[in-house]
Amino acid sequence: MNSPRRVLLSTILFGALAILSATIPFVTTTRAQLGDMQARVTELKDSSAKNKQELAHYTWTERVTISLNGQQRKQERFQVRMGPDGKPIKTPIDAPAQDQSARGGRLRQRIVEKKKEEFEDYAQSMKDLAQQYIPPEKDLIQEAYSKGNVAITPEAGGPGRIQFAIHDYIRKGDLVTIIFDKDRKQLVSISIHSWIDDPTDVMNLSVRFDKLPDGPSHASGATIEGVRKKLTVVTQNDNYQKL
């Protein structure tokens, strides 16, 4: 083999070794990062599942305030506990309030009653959708992660906290942002951008969490905003007692 060919082969071999040497650390780092992401997702799933199980041993009071265009329209109180299917069972505490808004002729009464039914139905749709997101379901979290729809940012919510940004969690185009305390293994807050009837019918939801003394963390308060109809539902939970 002549000298020029030897030089060419040596150059090619050296280049291939250089590329391989550069690729191996990258592959190793990528695998480590993926493993760390799966570990963080597992922590979030396990914590959410355990917390949900512990809440099943409690009952609490829920206060709901519904406002339209910034004006309070309705207040309700419920006694709440978790049912066998893991969904909350709510029992009204207060007697239904007398409606004072339908004074006047029969036509006016029908109009007022129809508008009231429309906003109450819409508010219920908002609450039903919010209930699908809260608390986070471990199977839905894993499914989103498997599809590559979970982004994790360490320390984004403060020291010792992790931010999970989950796309297409329940509906196409939605976004769930979770702040998780990895040291205490508990939720700190959740914000959700979703939609009700169609993608232009935007719903925003923000939830803050507190921890019971020697007990699970719980959603202490939530605000749901129906942007299209300018309807807001504010929920406060307190008076937790063991069953």
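Presented here is a report on the structure given in the accompanying data block. Everything numeric here is computed off the predicted structure, so don't read it as measured data.

Attention now goes to the sheet that holds strand 4 (residues 150–154). Read across the sheet, 10 strands follow the order 3-2-1-10-9-8-7-6-5-4 without closing on themselves; strand pairing throughout is antiparallel. Strands with a single pairing partner mark the edges of an open sheet, and in this sheet they are strand 3 (88–92) and strand 4. On average, each strand axis in the sheet is tilted by 20° relative to the strand beside it, whichever way the strands run. Here strand 5 (residues 161–167) runs beside strand 6 (residues 175–181); their pairing, made up of seven bridges, is antiparallel. What sits directly across from Phe-164, in strand 6, is Ile-178.

Here we take up the environment of Arg-81. With respect to the secondary-structure elements, Arg-81 resides in strand 2 (residues 71–82). Sequence-wise, Arg-81 and Trp-60 are 21 residues apart; in three dimensions their C-alpha atoms are separated by 6.7 Å. Apart from the residues lying within four places of it in its own chain, the contact partners of Arg-81 are Tyr-58, Thr-59, Trp-60, Lys-87, Pro-88 and Ile-89.

Bringing the pattern of salt bridges into the picture now. Taken as a whole and judged by the stated rule, the model has 12 salt bridges. Two residues, Glu-43 and Arg-40, come together in a salt bridge whose shortest N-O distance is 2.9 Å. Pair noted here: Glu-43 and Arg-40 are both in helix 1 (residues 3–55), with a separation of three residues, about one helical turn. Of the charged contacts in the structure, one is a salt bridge between Arg-63 and Asp-238, with a shortest N-O distance of 2.7 Å. One end of the pair, Arg-63, is in strand 1 (residues 58–68); the other, Asp-238, is in strand 10 (residues 231–242), with 175 residues separating them in the sequence. A relative accessible area of 32% places Asp-238 in the partly exposed class. A cluster of three or more residues bridged by salt bridges with shared partners is formed by Lys-74, Glu-76, Glu-120 and Lys-127.

What counts and how
Sequence order as written defines the numbering, with residues in each chain counted from 1. In view of the model being predicted, local features appear only for residues whose pLDDT reaches at least 70, and side-chain atom pairs are presented and counted only at 80 or more, with totals across whole chains, interfaces and linings using the full set of residues. Hydrogen atoms and water are omitted, and side-chain values are computed over all heavy atoms in the structure. Two strands are counted as paired when DSSP detects at least two bridges linking them. The helix and strand labels rest on DSSP assignments: H or I over at least four residues marks a helix, E over at least two residues marks a strand, and numbering proceeds from the N terminus. Throughout, an axis means a line fitted to C-alpha atoms (over the contacting stretch in the case of helices), and angles, computed between N-to-C directions, take values from 0 to 180 degrees. Contacts are assigned to residue pairs with any non-hydrogen atoms lying within 4.5 Å of each other. What makes a salt bridge here is a side-chain nitrogen of Lys or Arg within 4 Å of a carboxyl oxygen of Asp or Glu, nothing more. Between buried and exposed lies partly exposed: a residue is buried under 20% and exposed over 50% of the maximum accessible area for its type, with that area taken using a 1.4 Å probe on protein chains only.

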